[in-house]
Amino acid sequence: MIQSTTPEPVTGLVEPSVSGVSWAAVLAGAIASCALTLVLLSLGTGLGLSVVSPWGNAGVSATTFKIGTGLYFIVMAMISSAIGGYIAGRLRTKWTGVHGDEVYFRDTAHGFLAWAFASVLGAALLASPASSLVGGAASGATQAAANSAQSSGPMDGYVDTLLRSDTAQPAANPQDSRGELVRLFTTSFHNGNDLAPADRTYVAKVVSARTGLSQPDAEKRVTEVTNQVKSDLDKARKNAAQLALWLTAALVIGAFSASLAATEGGGLRDGTWGNRSLRVRTSQL
């Protein structure tokens, strides 16, 4: 005879039809996490300004400052996310007729949702000032194009180095040559390319005419300044990559901390924290 393999229904567990997510608790935990993040961010800014110095051989080094900033991001994410997750777990409604494993999962999900909501809310709050800055920069660039004689940009310092002369040299329209070199450098390095051979030769001729240097010396100066530009751009790229990696680590650790803290808050809410067997028996009531 073929015996039936249909599992017997589990008695004593009548799962309620209410939602398994307490959105009010999630929102409360997210807001608390965002507020605490602002407090810790202000504290970190004050501490950072107190340890750096514009004077040589004073204050911490750049490497120490970058590592300390990254570690502070992680600590800040752990503290704010853990408190937000704990609040979300502690304030959620008590589920009756739900298995203990399901309660544990729901608590973990509440902490993760609180972290996610706080992350999205923080990104939205930071996106608005960033958009304003970008819009202001775009309008400023349009105005600067119309008044190139009074313009100032990140490439002006490099062009100053190119056109520096030990003796004063007359020039008919110095602003025209400066504006042309600024546009040439900006376009070339914005596209991720070096100066083309023809552009390099032309730039050396302009430098020679403006500074009185010989053509070989002008070409040497162009090469030195171009290498300096590439070195500064590469340094900025590495700093941005390191910052992104530190932020990624802080976000991941923050999500883990919020989820773990929510399970503690939920367990304390039900009086079952640290006792798995009690958690299962309580869920069956």
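From a predicted model like this one, the values you see are computed outputs, not experimental measurements. (Residues numbered from 1 in each chain as written. Predicted model: local features only at pLDDT ≥ 70, side-chain atom pairs only at ≥ 80, totals over all residues. Heavy atoms only, no water.)

### As for the overall build of the protein
Then, in step 1: Scanning the protein from N- to C-terminus turns up eight helices and zero strands.
Then, in step 2: Reading the helices (α) and strands (β) of the protein from amino to carboxyl end gives α-α-α-α-α-α-α-α.
Then, in step 3: Buried residues in the protein amount to 27% of all 285 residues.
Then, in step 4: Within the protein, residue pairs in contact and separated by at least 24 positions form 76% of the contacts whose partners lie at least 6 positions apart.
Then, in step 5: A total of about 17,700 Å² of accessible surface is found on the protein, and carbon and sulfur atoms cover 64% of it. (Helix = DSSP H or I, 4+ residues; strand = E, 2+ residues; numbered from the N terminus. Buried < 20%, exposed > 50% of the residue type's maximum accessible area, 1.4 Å probe, protein only. Contact = heavy atoms within 4.5 Å. Areas by Shrake-Rupley, 256 points an atom, 1.4 Å probe, with all protein chains shown as cover.)

### Brief notes about the packing of helix α6 (residues 197–211) against helix α7 (residues 215–270)
Then, in step 1: As a packed pair, α6 and α7 sit with axes 8 Å apart at the nearest point and diverge in direction by 115°. Between α6 and α7 lies a crossing of right-handed hand. Contact residues: α6 offers R200, T201, V203, A204, K205, V207, S208 and T211, while α7 offers Q215, A218, E219, R221, V222, T223 and T226. (Axes fitted to C-alpha atoms, helices over the stretch in contact; angles between N-to-C directions. Left-handed = near helix turned anticlockwise from the far one by under 90°.)

### What about the packing of aromatic side chains?
Then, in step 1: For the coordinates displayed, the defined rule picks out one aromatic pair.
Then, in step 2: Aromatic pair F112 and W115: ring centres 5.3 Å apart, planes at 40°, arrangement tilted. Taken together, the positions of F112 and W115, both in helix α3 (residues 100–146) and three residues apart, correspond to about one turn of that helix.
Then, in step 3: The class for F112 is partly exposed, based on a relative accessible area of 41%. (Phe/Tyr/Trp six-rings, centres within 6.5 Å; stacked < 30°, edge-to-face > 60°.)

### Side note on the nonpolar core
Then, in step 1: Core analysis: the biggest nonpolar cluster contains 18 residues, and L162, F185, V203, V207, V222 and V229 have the highest contact counts within it.
Then, in step 2: Contributions of two or more residues to this core are made by α4 (156–162), α5 (174–190), α6 and α7.
Then, in step 3: Excluding its chain neighbours within four sequence positions, the residues that come into contact with L162 are F185, V203, V207, T211, R221, V222 and V225.
Then, in step 4: Judged by nonpolar contacts, the second largest core, of six residues, contains I74, M76, A77 and A250. (Core = buried A, V, L, I, M, F, W, Y, C linked by side-chain atoms within 4.5 Å.)

### A closer look at the pattern of salt bridges
Then, in step 1: Summed over all chains, the structure comprises four salt bridges.
Then, in step 2: Residues R106 and E102 are paired through a salt bridge, measuring 3.2 Å at the closest nitrogen-oxygen approach. With R106 and E102 both in helix α3, this residue pair falls four residues apart, about one helical turn.
Then, in step 3: Exposure remark for R106: the relative accessible area of 10% places this residue in the buried category.
Then, in step 4: Counted as one network, the salt bridges with shared partners bring together D234, R237 and K238. (Salt bridge = Lys/Arg side-chain N within 4 Å of Asp/Glu carboxyl O.)

### A short note on the side chain of T211
Then, in step 1: One can find T211 in helix α6.
Then, in step 2: Only 2.5 Å separates the side chain of T211 from the backbone oxygen of V207, close enough to count as a polar contact. (Polar contact = N/O pair within 3.5 Å; in protein donor to acceptor, adjacent residues only side chain to side chain.)

### Here we look at the side chain of S22
Then, in step 1: Take S22: it is sitting in the segment before α1 (23–51).
Then, in step 2: Overall, S22 belongs to the buried group, its relative accessible area being 9%.
Then, in step 3: Within the structure, the side chain of S22 is placed 3.2 Å from the backbone nitrogen of T93, a separation counted as a polar contact.
Then, in step 4: Residues contacting S22, with those up to four places away along its chain left out, are R92, T93 and H110.

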